[in-house]
Structures are given as C-alpha cells and as structure tokens.
Amino acid sequence: MKIIPIFNPDLVPGIYTVQYDDNEIEPDEFARIFDLWNSPLILDAFFNENIQDLQSGYFKSITIREAIEITIDEANGFEELLLSYESNGANVLNLFKPLNNYEYRIVDHQKLKGRYRRGWLRIYAIRLTDGSLIITGGAIKLTRLMNRPHLEQELNKLNRVKDFLRFHGISYTEDINL
Amino acid sequence: MNQIKEKLKQLGGSKPSAWREKALQRRDNREWLRKSQAIAARVLESLRSQSITQKQLAEKMQISPQQVSKILQGQENLTLQTIAQLEAALGITLVYVLDITESVKTGQTKAASKAL
C-alpha cells in the first residue's frame, strides 16, 4: 500500500489517495473511481445489480440509462470543480464536504449553499490531525445505510488504511472524522 | 505538521495520482466523449430490452467481443460507420440530424428532426 499525492505534494495540509496495488499496475484509488464513474458498461452492471435500491429511493421510476447519465454528469461536475479550484490557486480541500463518518461529497459550497446532500456519489477519506485528507475510495450510495456489499467494501478499505497509518505512526483521530 | 508530511512522503509511490492527467484528457475531449458515453448507454439499454448479449452483438456487427466491450466503455471516438453498424444490428436510431425550417406565417424557426 502506498499513500500518494493527488495535487501539489508541497501543499500542507494536502490531499492524498491510496495505491492499494504495490505493483502499481492498477491505478490509484482516486483515478480508479473516476474511471468507473465514467464507464457506461460498468455503471450499467452496477445499477442492474442494485436495481431495487435504484428504483425504491427518491427517483422512483428512474431507468438504468438515466442513472448512468446522471452519474457521469455528476462525476464530470466533481472533476470540473477540482480542476478549476486547483488552476485558480484556491484551496481544493474546501471542496470536500463531510456528510457522515469518513464520507464526503465534492461541492462548491458558495454555489450550492448547503444542498450538497443531493446526488449519490460519495468519497471516503480519513482526515489526519494536520488537516490532510487521505482518500481511501468512492462509491455510488443508493441507500441511507452502509449495509450493501459495495459499501461494506469501502468500510473495509477505510479500516485497512487506518491500520496502515497507525502502524506507521501517522496521526488521525476518530473525533475529527465524525 | 511537517512530521506528518515527511512520513507521508516516505510512504509514497514512484508517481503521483493518475487522476489529474485523465481528468484533463476527459475535459479536453468532453464534447465527443459525452456523446460516446450516451451512445454506449443507449446500446446497453437496447441489448437488455432485446435480450441480446454482447457476444451476439459482436457477431451481428462482425467484430470481436473485445471491440464491442470497448464501444460500451464509452471512451471510443466512434466512426459514423460503427454507429451505423450499431443501428443496423439493434434496429434503433442513435444519431439524428436536425433540419431547420422556417415558418412563413409566424416567422419563427422550427426544428424538425430527421434520422440519418
């Protein structure tokens, strides 16, 4: 496992992600989740597998195709915000809005003024005591709770990275991650 | 603060995240990429509604299953020929061209769609 910077590595606090594959054949987690969120093929399989959750929530009669389009547009929106903040020299960390324990969305708070719970894309990250963020994964969350295999996988990744950080003496606390 | 940064540096890989480069590529190619993704989503919907597998689609189009998979990833700059082959294989229309006609009475411009 490696911890790698996403933006300028000299930024303090910084934003990092995890390279789970030590051989570096698979992309790092932040690159991987945006690849998934841009693939109609993968999204189609995901929404088909989770069709009951998709059609039992806020969007009752949504089709898989509509869900794919919504996801890609949301992911594009996230990327635009990240790139524009970076190029304007703004603090990219300000875009990561905490929702729940370790769960974030990417939001321009100035524009959306608190309506950022809409949308189903989630970033999972651990905040360190210096304010840095380590992004451990991401997911499409169609349910309120985390009791779905793909979401439990995110909890497992969080725990793996927490163990890794503790082992290497890097500080984070549960308090600042609530 | 420096201590954490130094420790993280030691735990880093040989390269920074691949995300930024990919995001810039996606941004630079947004217009056609978005269309490719929309076509892929429509094709996937059609495969499901007609109970056609990707392998069967490949056979109908006389291309490899790997090529079909690439198309469905939505990252291909599809040729008109490939789009036409998809349309023929699935019996659907993927691309329309708008005809602009002008109404004499109202002076308004009306758009009528015409499938290619």
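Residues numbered from 1 in each chain as written. Chains lettered and ligands numbered in written order. Predicted model: local features only at pLDDT ≥ 70, side-chain atom pairs only at ≥ 80, totals over all residues. Heavy atoms only, no water.

All names here are of chain A. Its 19 residues give helix α6 (residues 149-167) an end-to-end C-alpha distance of 27 Å, which sits within 8% of 27 Å, the value for a rise of 1.5 Å per residue. What α6 keeps buried is the set His 150, Leu 151, Glu 154, Lys 157, Leu 158, Val 161, Lys 162, Phe 164 and Leu 165. In an axial view of α6, the angular spread of the buried residues amounts to 160°, which keeps them on one side of the axis. Looking at α6, the residues exposed on the side facing more than 90 degrees away from the buried face are Pro 149 and Phe 167. Contact partners of the buried residues in α6: β1 (2-5), β2 (15-19), α1 (29-37), α2 (40-49), β5 (121-127) and β6 (133-140). Following α6 by one or two positions, Gly 169 has its phi on the positive side, about 70°. (Helix = DSSP H or I, 4+ residues; strand = E, 2+ residues; numbered from the N terminus. Expected span 1.5 Å × (residues − 1). Buried < 20%, exposed > 50% of the residue type's maximum accessible area, 1.4 Å probe, protein only. Arc of directions from axis to C-beta. Contact = heavy atoms within 4.5 Å.)

Next up on the list: the packing of aromatic side chains. The tally for this structure, following the rule as stated, stands at eight aromatic pairs over all chains. Relative to Trp 37 of chain A, the ring of Phe 34 of chain A lies with its centre 5.2 Å away and its plane at 75°, an arrangement referred to as edge-to-face. Placement of the pair is Phe 34 of chain A and Trp 37 of chain A together in helix α1, with a separation of three residues, close to one helical turn. Trp 37 of chain A carries the same exposure label as Phe 34 of chain A, and that label is buried. Each residue in the set Phe 7, Phe 30, Phe 34, Trp 37 and Phe 78 of chain A together with Trp 19 of chain B is aromatic and connected to the rest through ring pairs, giving one cluster. (Phe/Tyr/Trp six-rings, centres within 6.5 Å; stacked < 30°, edge-to-face > 60°.)

Relative orientation of the contacting elements helix α4 (residues 64-87) of chain A and helix α2 (residues 19-28) of chain B amounts to 105°, with a least axis distance of 11 Å. By the angle between their axes, α4 of chain A is roughly perpendicular relative to α2 of chain B. Between α4 of chain A and α2 of chain B, the contacting residues are Glu 79, Glu 80, Leu 82, Leu 83, Ser 84 and Glu 86 of chain A on the first element and Trp 19, Arg 20, Ala 23, Leu 24, Arg 26 and Arg 27 of chain B on the second. Tallied by class, residues from the contact of α4 of chain A with α2 of chain B come to five nonpolar, one polar and six charged. (Axes fitted to C-alpha atoms, helices over the stretch in contact; angles between N-to-C directions. Parallel < 35°, antiparallel > 145°, perpendicular 65-115°, else oblique. Nonpolar A, V, L, I, M, F, W, Y, C, P; charged D, E, K, R; others polar.)

Take the nonpolar core next. Phe 34, Phe 47, Leu 82 and Phe 96 of chain A together with Trp 19 of chain B are the most contacted members of the largest nonpolar core, which has 40 residues in total. For this core, the element with the most residues is α4 of chain A, which contributes ten residues. Beyond its immediate stretch of four places on either side in the chain, Leu 82 of chain A contacts Phe 7, Phe 30, Phe 34, Val 92, Leu 95, Phe 96 and Ile 106 of chain A together with Trp 19 of chain B. Core analysis: the next-biggest nonpolar cluster, separate from the first, contains 22 residues, Ile 3, Tyr 16, Leu 158 and Leu 165 of chain A among them. (Core = buried A, V, L, I, M, F, W, Y, C linked by side-chain atoms within 4.5 Å.)

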